[in-house]
Amino acid sequence: MRDVAVIAFAQSLVGHDREHNEVELISPVVQAAVSQSGIARHDIGFTVSGSCDYLSGGPFTFVQGLDAVGAWPPIKESHVEMDAAWALYEAWVAIQVGDVDSALIYGFGKSSTTDVHEVFSLQNDPYYVAPLWPSTIDMAALQACAALHAGVTTERDIAEFSAACHRAARSNPHAIAAADVSADEVLAAPMTHPPLRDADIAPITDGAVAVVIAAAAVARSVCDRPAWIRGIEHRIEPQALGVRDLTASASTRAAAEAAGVGDAPVEVAEIHAQFGHEGPLLARALGLGADTVVNPSGGPLGANPLMSAGLIRIGEVAERIWDGGVGRGVAHATQGPCLQQNLVCVLEGEGS
Amino acid sequence: MAPKLSAVIGVGQTRHVTARHDVSMAGLVREAARQALDDAGMDWSDIDAVVVGKAPDTFEGVIMPELYLADALGAAGKPMLRVHTAGSVGGSTAIVAAKLVMAGIHERVLAVAFEKQSESNATWGLTVAMPFQAPLVAGAGGYFAPLIRAYMARSGAPRHIGHLVAVKDRRAALRNPNAHLHLADIDLKMVEESFLLWDPLRYLDVCPSSDGAMAMVIGSESVADAAPGPPAWIHGTAMRSEPTMFAGRDQVNPQAGRDCAADVYAQAGITNPRQDFDCAEVYVPFSWYEPMWLENLGFCPEGDGWKLTEAGATAPDGDIPWNPSGGVLSSNPIGASGMIRFGEAAQQVRERAGDYQVKLQTGRALGQAYGGGSQFFSMWVVANHKPD
């Protein structure tokens, strides 16, 4: 495998953006990431994005994205209808093939234009489950119940995780749900979607994110301390809740093992936990110990732009490696009901 | 670093019809995938990763349906990717799958593309008003007809050229049992007398709306060497994109298509496509796109595409058959149509094309797909022999 590193990351997040369309959201973050990368736009070999048509309510949302990325002269370009973390995976594969040395990845979406929790019930089996219209919160609450009943986590563990995310979000200028809140205060609030409380549910977030990755020679020439991708793996589980163990994320565990998460200590983990119970559940599946700092950015409970929140996790870990504060970190991305599909990326600094 | 060799070693395809009421979406994709596995002499457990492609999710009303299809496609516990690059997606999906092998990450990858258009209405699905944008409300035909008129004005092509393609591809489809349209008595008069949809396109100049799926198993060199059937070796892959509209954009003969062809030809050592290929499977959803893509793909000088069509060069018995399977004009499950082109090209060089098999001389074939406003292109070159 070729050594590939994350060398640039930009994000722009808003709770309810009523001013900008998708192109206007994408354009500044792409410009910022490209500028930060030190590579001229037309020297970047490959471009790939992640988005979802159902956020805009129309087909081909990604097509307009091309207006924001400078696709003239024509570019080598692709798109996944997935969180943009998987777009980064496709870019990493393209670099492994060897015909390109660098790639621009972006994700975008406006969750605020609809009741996204209800609309995303259309992600379920269209014949047996979707007609019941279970919202994404309903599905998450089911999983939280299963985890509590199995003793995999406790109400207090969940509250501690959610409170820690909201507190950490205070130091993240991009976060939109930051609060100085304790686990006791979370526990004192009502369960709005039993057993979940409002503090356990990620905020509606609009936004766009861009990342640039590059093969070793390019990365070293433009970046003082590249964040090397040492492992990147993803796995999917069957969707039907009845055929999987909701109290363990088997696909996260398998991806983590394949990516080599446990091969060395993990200083920082950015995990795509959109609901409080997913924090303890994913930490177990990833094999994280008590000494790993989880979601120092505040994670999705601080800001959760659909289709790019997974890519943000990779960027957040990379940023901590660039500044020398962290030697080895893990980023996690998820999509699908109840953590159906998971991606794990191990990032390291030069000396690690 | 050179890409590792990869080859198509299994191909499976459903029959394409207006509505597959007899199967769910899962049943549809599984039918094609199972055939591809059988062709490759494999079972579900032999597959390392699954790549799924389809056009907009609004066509079936399911968000990211590959999540629900994961277990039907044997993907549980494996990596799965979902590609969406508009009409070119079937081709792009094949390329993304091939790259997993070319990069040396996987040995055996299952690529599946599908559309079950009977779940909704495709023209509606293509014309939903976007927030903050003036809606085109034109469907695909309304979008492309003005570009066709521009081509006619530019090239001086006579009005019957499109109808010739419509007849040629439907006659070819009579030899393809999977084709959606089997119009036994089609002739020029029937096309000319079909009603006008978008000038100059008449009803029979236009593709149908189909339910269908296409699947391929792509294997590494060692896997392909040991495969039970003949491999279609992948000699080149390319994708290009450009924005939908800007001042001065040539939408009739897009730069992205020309660049994409130049890239894939350079990889495969193609210098004269009309001579170097035994056939081409090209995305022609509206009849006039045959002469237009003949020029865009460099099979003739600009302005001469219609002359090849008129002379019968692209007929199954011509010197460079285009769409011997009957093409998109005879079957169009949109998200799968690009992969059908790529897969039919592979079947030709594997000599597995049955009654519509062309005679092999160079042993090479081109697969092409396009999408969006003629702005997304994917292409590959496959051959019955390994690259030099």
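Calculation notes
The written sequence of each chain sets the order in which its residues are numbered from 1. Chain A is the first chain written and ligand 1 is the first ligand written, with later ones labelled in order. Reporting of local features is limited, given that this is a predicted model, to residues whose pLDDT is at least 70; pairs of side-chain atoms are given and counted only at 80 or more, and all residues count toward the totals for whole chains, interfaces and linings. Numbering of helices and strands runs from the N terminus; a helix is a DSSP stretch of H or I covering at least four residues, while a strand is a stretch of E covering at least two. Each radius of gyration is computed over the set of C-alpha atoms, and the globule rule expresses the reference value as 2.2 Å times the number of residues to the power 0.38. Our exposure labels follow a C-beta count within 10 Å of each residue's own C-beta, placed from the backbone: buried means 20 or more other C-beta atoms, exposed means 12 or fewer, and partly exposed covers the counts in between. Once C-beta atoms have been placed from the backbone, residue pairs whose C-beta atoms lie within 7 Å are recorded as contacts. Domain delimitation in this document rests on an assignment produced automatically or drawn from a domain database. Predictor confidence is given residue by residue as pLDDT, running from a minimum of 0 to a maximum of 100. Basically, the charged four are Asp, Glu, Lys and Arg, the nonpolar ten are Ala, Val, Leu, Ile, Met, Phe, Trp, Tyr, Cys and Pro, and anything else, Gly included, counts as polar. DSSP bridges decide pairing: two strands pair if at least two such bridges lie between them.

**Digging into the overall build of chain B**
Here comes step 1: Secondary structure assignment for chain B yields 14 helices and eleven strands.
Here comes step 2: Its C-alpha radius of gyration of 19 Å places chain B within 12% of the 21 Å reference for a compact globule of 388 residues.
Here comes step 3: When the 388 residues of chain B are sorted by exposure, 63% land in the buried category.
Here comes step 4: At a minimum sequence separation of 6, the contacts of chain B that also span at least 24 residues come to 79%.

**Quick look at the domain arrangement of chain A**
Residues and elements named next belong to chain A.
Here comes step 1: Domains assigned within chain A are domain 1 (4-114 + 204-222) and domain 2 (116-202 + 230-348).
Here comes step 2: Computed from C-alpha coordinates alone, the two centres of domain 1 and domain 2 are separated by 23 Å.
Here comes step 3: If you look at the interface, domain 1 gives 31 residues, while domain 2 gives 25 residues.
Here comes step 4: With six residues, helix α4 (residues 84-97) is the largest single contributor of residues to the side of domain 1 that touches domain 2.

**Quick word on the confidence of the model for chain B**
Here comes step 1: Chain-level pLDDT for chain B is 96 on average; 97% of the residues reach the 70-or-more range.
Here comes step 2: Across the predicted assembly, pTM comes out at 0.98 and ipTM at 0.98.

**A look at the environment of T334(A)**
Residues and elements named next belong to chain A.
Here comes step 1: Locating T334 in the fold gives a position in strand β9 (residues 328-335).
Here comes step 2: As a C-alpha pair, T334 and A178 span 156 residues in sequence and 22 Å in three-dimensional space.
Here comes step 3: When neighbours within four sequence positions are excluded, T334 is seen to be in contact with H272, G310, L339, Q341 and N342.

**Observations regarding the interface of chain A and chain B**
Here comes step 1: With 51 residues of chain A at the contact, the number on the chain B side is 51 residues.
Here comes step 2: Mapped onto the side of chain A that touches chain B, the elements with two or more residues apiece are α2 (53-56), α3 (61-69), β3 (77-80), α4 and β6 (227-236) of chain A.
Here comes step 3: Among the elements that line the side of chain A that touches chain B, the one with the most residues is α4(A), at six residues.
Here comes step 4: Split by residue class, the side of chain A that touches chain B holds 24 nonpolar, 16 polar and eleven charged.

**Considering the pairing of strand β11 (residues 376-383) of chain B**
Residues and elements named next belong to chain B.
Here comes step 1: Judged by how many residues are buried, β11 sits mostly within the fold: eight of eight residues are covered.
Here comes step 2: A two-sided burial pattern is seen for β11, the buried positions comprising F376, S378, W380 and V382 on one face and F377, M379, V381 and A383 on the other.
Here comes step 3: Here strand β8 (residues 232-241) pairs with β11 via eight bridges, running antiparallel. Within β11, the position partnered with M239 by the bridge is S378.
Here comes step 4: Of the pairings in the sheet, the one linking strand β10 (residues 364-371) to β11 comprises eight bridges and is antiparallel in character. Bridging from a neighbouring strand, L366 pairs with V381 of β11.
Here comes step 5: From the end of β10 to the start of β11, which pair antiparallel, there are four residues, and G372 there has a positive phi angle of about 60 degrees.

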